[in-house]
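Architecture at a glance
Here is how the chains run, residue by residue.
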Amino acid sequence: MEERIMDLIREKKRVVAPALVLVFIFYFMLPLSLLFFPDVMNQTSIIPGLTWAWLYGFLQIPMTLLMAWVYHLKAKQFDRKIEEIKREELS
Amino acid sequence: MNLTYFLFFICIIVCTLIITYWAAKRSNTANRFYTAAGSLTGFQNGMAIAGDFISAASFLGIVGMIAISGFDGFLYSIGFLVSYIVVLFLVAEPVHRLGKYSLGDVICSRFPSNQMRLIMAIGAFIISILYMIPQLVASGFLLRLLLDIDYSISVLIIGGLMTIYVVFGGMVATSWVQIVKTVVLMSGTFLLSLIVFSNFQWDISSLVDRVKEGTPLGEDFFLPGHQFDNPIEFFSLQLALVLGTAGLPHILIRLFTVRNTLEVRRSLISSTWIIGIFYLMTLVLGLGTVALLGYETLIAVDPTGNLAAPLLARAVGGDFLLAFVSAIAFTTIVAVVAGLVISATTAFSHDIFHHILKKGKSTEKEQLKAARWTALGIGLISTLFALQLEAINVTFLVSLTFVVAAASNFPVLILTIYWKRFTQIGAITGMVSGLLASLLLVILGPHIMNVDGGWIVRDSVISLYNPGIIAIPIGFLGAYLGTIFSTKRKQSTEEFRQFYIQSQTGITSRRESS
Amino acid sequence: MKDLTIILFERLGLLLVIAFVLTRTPGFKSLLYREFSLKMSLVHALVFGIFGIASTVTGIMISEQGEIIHAFVIFPVADGQLIVSLSLVAIVIAGLLGGPIVGLGAGLIAGIHLMFLGGVGWLANGMVNPLTGLLAGMTARFFSNERVISPLKALFIGVFPPVLQMQLLLIIYTTGDNMVDIVDRIGLPLVLSNSIAIAIFTTMIRVVMKEQENEAAIATKQALTIAEEALPFLKKDSNKDVANGLANLLYERLELAAVSVTNKQEVLAHKGLGDKHHLIGESIKTPLAFKAIETKKMQVTYLKTDISCEEEKCPLEAAIIIPITEAEEVTNLITFYFRKSQHITPVELMLAEGLGQFISNQLTVLTTEKLKAHIRDAELRNLQAQINPHFLFNTLQLIASLFREDPTTARHITLQLANYMRFNLRLVSKSLVELEKECEHVQAYTSIIQERFRGRLQIDFMMPDDVSGIFIPPSTIQPLVENAVQHGLKNVTDQAKVEIKMVKADGELSVTVRDNGSGFPKHILPLVSHTPLVDNQNGGTGIYNVNQRLVHLIGESARLHIRNLSSGGSEVRFSIPIANQLEEGQVSG
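Residues numbered from 1 in each chain as written. Chains lettered and ligands numbered in written order. Predicted model: local features only at pLDDT ≥ 70, side-chain atom pairs only at ≥ 80, totals over all residues.

Turning our attention to the overall build of chain C. The number of helices and strands found in chain C is 18 helices and 15 strands. Out of the 589 residues belonging to chain C, those deemed buried represent 42%. For chain C, restricting intrachain contacts to residue pairs at least 6 apart in sequence, the fraction spanning at least 24 positions comes to 66%. (Helix = DSSP H or I, 4+ residues; strand = E, 2+ residues; numbered from the N terminus. Buried ≥ 20, exposed ≤ 12 C-beta atoms within 10 Å, placed from the backbone. Contact = placed C-beta atoms within 7 Å.)

As a further point, take the overall build of chain A. For chain A, the count of helices and strands is 3 helices and 0 strands. Tracing chain A from N to C terminus, the helices and strands come up as α-α-α. Relative to the 2.2 N^0.38 estimate, which gives 12 Å for 91 residues, the radius of gyration of chain A is 20 Å and therefore markedly larger than a compact globule would have. C-alpha atoms of chain A, sized along the principal axes, occupy 65 × 20 × 15 Å. (Rg over C-alpha atoms; globule rule 2.2 N^0.38 Å.)

Okay, the sheet that holds strand 4 (residues 258–263) of chain C next. Residue and element names in this part refer to chain C. Sheet architecture is open: 5 strands sit in the order 5-4-8-7-6, paired in antiparallel fashion. For this open sheet the edge positions go to strand 5 (267–272) and strand 6 (299–301), each flanked by a neighbour on one side alone. Ignoring which end each strand starts from, the neighbouring axes of this sheet average 15° apart. Pairing of strand 7 (residues 318–326) with strand 8 (residues 329–338) involves 9 bridges; the strand directions are antiparallel. Counted as the bridge partner of Ala-319 is Tyr-337 from strand 8. (Pairing = 2+ DSSP bridges. Axes fitted to C-alpha atoms, helices over the stretch in contact; angles between N-to-C directions.)

Turning to the interface of chain A and chain B, a few remarks are in order. In this complex, chain A contributes 29 residues to the contact, which on the side of chain B involves 31 residues. Broken down by secondary-structure element, the contributors of at least two residues to the side of chain A that touches chain B are helix 1 (2–36) and helix 3 (52–90) of chain A. Looking at the side of chain A that touches chain B element by element, the count peaks at 15 residues for helix 3 of chain A. By residue class, the composition of the side of chain A that touches chain B is 19 nonpolar, 7 polar and 3 charged. (Nonpolar A, V, L, I, M, F, W, Y, C, P; charged D, E, K, R; others polar.)

A few words on helix 8 (residues 176–199) of chain B. Under the 1.5 Å per step criterion, the end-to-end length of helix 8 of chain B is 34 Å for 24 residues, consistent within 8% with the ideal 34 Å. With its phi angle positive at about 55°, B:Gln201 sits one or two positions after the end of helix 8 of chain B. (Expected span 1.5 Å × (residues − 1).)

Size of an interface, as often reported, equals the accessible area lost when the parts are brought together. Facing 21 residues of chain B, the contacting portion of chain C comprises 17 residues. For the side of chain B that touches chain C, the secondary-structure elements that each account for two or more residues are helix 1 (3–26), helix 8 and helix 14 (308–357) of chain B. Ranked by the residues each element gives to the side of chain B that touches chain C, the list is headed by helix 1 of chain B, at 9 residues. Residue composition of the side of chain B that touches chain C, by class: 14 nonpolar, 5 polar and 2 charged.

It is worth spelling out the confidence of the model for chain A at this point. Detailed reading of the predicted model is not advised wherever pLDDT is low. For chain A, mean pLDDT is 82; residues scoring 70 or higher make up 92% of the total. Per-element confidence in chain A ranges from a low mean pLDDT of 72 for helix 2 (residues 38–41) of chain A to a high of 85 for helix 3 of chain A. (pLDDT = per-residue confidence, 0-100.)

Residue and element names in this part refer to chain C. Along strand 8, 7 of the 10 residues are buried, which leaves the element largely enclosed by surrounding structure. Pairing geometry for strand 4 and strand 8, over 6 bridges, is antiparallel. Pairing of Ser-260 across the sheet is with Thr-335, part of strand 8. Hairpin connection of strand 7 to strand 8: 2 residues between the antiparallel strands, including Ala-327 at a positive phi of 55°.

This brings us to unusual backbone geometry. Residue and element names in this part refer to chain C. Phi at Lys-296 is positive, roughly 60°, even though this residue is not glycine. Structurally, Lys-296 is set in the loop between helix 10 (287–295) and strand 6. Of note, Asp-506 is a non-glycine position whose phi angle comes to about 55°, a positive value. Mapped onto the elements of the fold, Asp-506 is located in the loop between strand 12 (496–505) and strand 13 (508–515). In this structure Asp-506 comes out as exposed when scored by C-beta crowding, with 10 C-beta atoms within 10 Å.

Our focus in this paragraph is the sheet that holds strand 1 (residues 60–62) of chain C. Strand order in the open sheet made by the 3 strands is 2-1-3 (chain C), with antiparallel pairing throughout. Pairing within the sheet leaves two strands with one partner each, and these edge strands are strand 2 (68–69) and strand 3 (82–84) of chain C.

Take the nonpolar core next. By size, the foremost hydrophobic cluster in this structure holds 271 residues, and its most contacted members are B:Ala309, B:Val316, B:Ala329, C:Phe48 and C:Ile93. It is helix 14 of chain B that provides the largest number of residues to this core, a total of 31 residues. Once residues within four sequence positions are removed from consideration, C:Ile93 is found in contact with C:Phe48, C:Ile198, C:Phe201 and C:Thr202. Ranked by size, the runner-up nonpolar core spans 42 residues in total, among them C:Ile448, C:Phe471, C:Leu509 and C:Val572. (Core = buried A, V, L, I, M, F, W, Y, C linked by C-beta atoms within 7 Å.)

On a regular strand, one side chain projects to one face of the sheet and the next to the other, so that they alternate. Residue and element names in this part refer to chain C. Counting buried residues along strand 4, 5 of its 6 residues qualify, which places the element largely inside the surrounding structure. Pairing geometry for strand 4 and strand 5, over 5 bridges, is antiparallel. Bridge pairing links Ser-260 to His-270 in strand 5.

Moving on: the packing of helix 2 (residues 42–53) of chain B against helix 12 (residues 261–293) of chain B. Residues and elements named next belong to chain B. Put simply, helix 2 and helix 12 touch, their axes get as near as 7 Å, and they point 50° apart. Taken together, the axes of helix 2 and helix 12 are oblique relative to one another. When the axes of helix 2 and helix 12 are compared, the crossing they make is right-handed. Touching Gly-42, Phe-43, Asn-45, Gly-46, Met-47, Ile-49, Ala-50 and Phe-53 of helix 2 are Glu-263, Arg-266, Ser-267, Leu-268, Ile-269, Ser-270, Ser-271, Ile-274 and Ile-275, all from helix 12. For the contact of helix 2 with helix 12, the per-class residue count stands at 9 nonpolar, 6 polar and 2 charged. (Parallel < 35°, antiparallel > 145°, perpendicular 65-115°, else oblique. Left-handed = near helix turned anticlockwise from the far one by under 90°.)

Another point: the environment of B:Leu481. Of note, B:Leu481 is situated in helix 18 (residues 468–485). Sequence separation of B:Leu481 and B:Gly430 is 51 residues, and the distance between their C-alpha atoms is 8.5 Å.

Another point: the packing of helix 8 (residues 178–235) of chain C against helix 12 (residues 346–385) of chain C. Residues and elements named next belong to chain C. With their axes 10 Å apart at the nearest point, helix 8 and helix 12 run at an angle of 30° to one another. In terms of orientation, helix 8 lies roughly parallel with respect to helix 12. Where helix 8 crosses over helix 12, the two elements pack in a sense that is right-handed. Along its contact with helix 8, which presents Ala-219, Ala-223, Ile-226, Ala-227, Ala-230, Leu-231, Leu-234 and Lys-235, the element helix 12 presents Val-347, Leu-351, Gly-354, Leu-355, Phe-358, Ile-359, Gln-362, Leu-363 and Leu-366.

The structure is reproduced here in structure tokens:
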């Protein structure tokens, strides 16, 4: 049983870890891009009135919500499989 | 301000608190000082978490920062929000599975030891005080605005009242305080934003134009960099913000109040939504302040920007709206204070008093008394500190708390859950080093050590306002070194495996021998 | 601001007066207690919506220059004027009482009216009402589980809707600074007046509901009291007594014009108005009464004609006829008469129905009890009738032994035995016999016994001269004598004496049987008449049996009193009343 559990956890990590890295990159690129390409960031983006900087900033919000949702889905799967294992092995 | 309006202000606060009381009574949750487990739905808990989190800093401070510095102020909001991902991905479910009442429970489930509890409790205590101070500062400002009295007196009055309220068990320790406050806050802010928009006939570009007129930064207002010209400063702040929430005890203990991990996730997602929407609205309010009130006016009344939101309310709605918005702000503060004191007193009376001093043998009454004394202590200490901090935007103060949390609790928590080789000694050294480093760096930094207006009138040793980028690695380093150099009390692989499985899945296998 | 506040309170006063009058009308009261249904909700919404409109009409206007216009707001106002309406009071109450649907509905009605009236802020006014109604409805259940929310809670909740209204005004109207000033002016007064008005109105509604509840409580109490008091009347034996008792009780308690009790053919009792011509013994004429008998259901009439009383001036105009059933058959009718048909209210109808049920049930229970008593009596008699085999055996032996020596005595004894057995048979078939017959029974027994124990036993028998018209349960004296002979004289060889005495005094007949034997053993004494003692053949049960039959048929007063005499021996005694000479039906059993 432990093997199965560890396998499951590893599988979950395989999704979650990259996602987290993605979040971090997206997040930290904001200050970093302001550092490295300030001019580009201050140009008006595809949305009139908003610079890339602002757009990027706004995008952090939907990004957060989206990633939270992704995690939620994966975790639900994970929970279900754990329940299965519990039922099989421990009953 | 008129006495009538002040009475109105009091009236709204009283009404909100009374409604909270009814809501709490109705749900039959015991008015226990500790959290009541398992009775809230995910969404309700999410509202409670948002309530605990959105403090005066978010409401008053950020609006002010955006009004003064534009983009850089908005970055605070982003940092605060994204930190929830870190909590959700890394910390939430394990914490829920491993602990019952306090963070100390979580760490001690792997390293049971009284020393550990003590350190964790002290950490929680410090963080709560640090989070509390800006709340008192903000309420001091508010009262000063409303009643036109001196800041110090305001702080004393507020501090005194809050302490009394908290000590004498007005502390309805249920999540309903937070939930009602969230509802009131969100609706109030929403309506205020609508008012701002309608002032510009719902045309954003005209809002933007007026903003540019209202600020001395002019066109540049929307450019980043007005606050953080130093990229390191920038980065350091972002780091502290994104990792800090995962180290805040009073937020994490909210993960104990729901039934299962599904609800934990739901809570966090709900609170993320709520907080996200809230920060969008504060952006509107910040811009609105600049546009409708003007930078100069704002600075004239309050150079820290703490009062931006109420002043905006007065500009668009007169004394009536000012009273209302101030009441909302005040309720927000009271709610957060309540949450903070709960977590701090839990740490003290549960971890220190019950486990350590009384070796697990104290009655609930005794614990309650201990909790009350702790509350008194916190109130006093925070008030004393708040008195000295008249010149700072409260968001700064809160971000300092985040640094401390990110440097002390966060590394220890992460390493406990995920690092196989982590030892008890490592945990202790990690906590201690993180705490010391962050506190020290703040003291040595320009907030405190400032030639003009700081506590210590000297040139600051460190130029970073936000020492996260130094303190957080120190915390991790401390934990690492402590682990490497501790030879005894290592855990076997098997033990860690059991622990890991439990933290990840909730399955506790009790096989003695197979 | 102060002026505005005062004016608002004045107008509120007006509204509350109207509201108060409204709550006094029976229509409103019934409104509060109807069950939940979509239709009722819409009706509620309508009522409260109209009230909201009335609140707007009694509101005030503020002119462009900021002056307060005192006139009622009946016609659409000019563009620059602002209506200050108190409609939120009604809407919040609608939501709190009736839930989201009622709140929304009432809000829509009031809101549309406001929009129609126009003026500054028409949209805000129009929007805030439905919104408030909806929110109040949704949160009402959240705060309180009572039927009507407490006024205090309503007070606090009432603070928020005007705040919402002000915010809406600010959102929608931002041309110039005007609105800010206006909000400053009217904000606080509205908050204050609204919340207080809501609290007061809620209190009024609570009062109404309390009244209704009190009424219901009183009616219930009355019904239960009547039921309790009716019980003793129902237990009476004579139908006439029962009828009279019930009629009197109901007439007094229910304040009816008249009450009559009938059986299937004729009137048994009538109390109240019209007793001059609704006579006892008169046969039933009303077709409605026959219908009640036939359908076994309660009948109500509001028309004088249905009562079909011949007397022109009969003051009785309406009636409720209640059939009383016993074992599925209607045996009696109780009629409530009223002077006016309006006097028949749901309370009376409910009471009538309930009483009918109750009395029917009670009669069934009583019948069952009587039946049980009869059965028991019959059982006991059957038991008693079993002749002691030893007695028969001994007596036959006696006859046989006397046969040759003293044939006359033998014949005498044989005849006495025959008599004895005849009486035993009679025992089974009747529950009461004339005292003379019982005395003969006893004497039959004693002759046999005296012959058997000739010389050793003396039996004295004393009875009053006139024993006519006295009835006694059969075989109550003989077993006592038998017991005295068998047990009392068990250990006595001669000079045994049994004394049987019957005395008439004070309307009672007392019977005493004494012996001069060894008396009852001490430990048996308290038990003797209460439990059948089974150690001796038949002897113990005899006394128990007699006692049971006496008590069941006549009552506790007739129970056996047993004691040991100080001079040695025992005494068993009982007395029965003579006065209540029971009807023939009883005698034949």
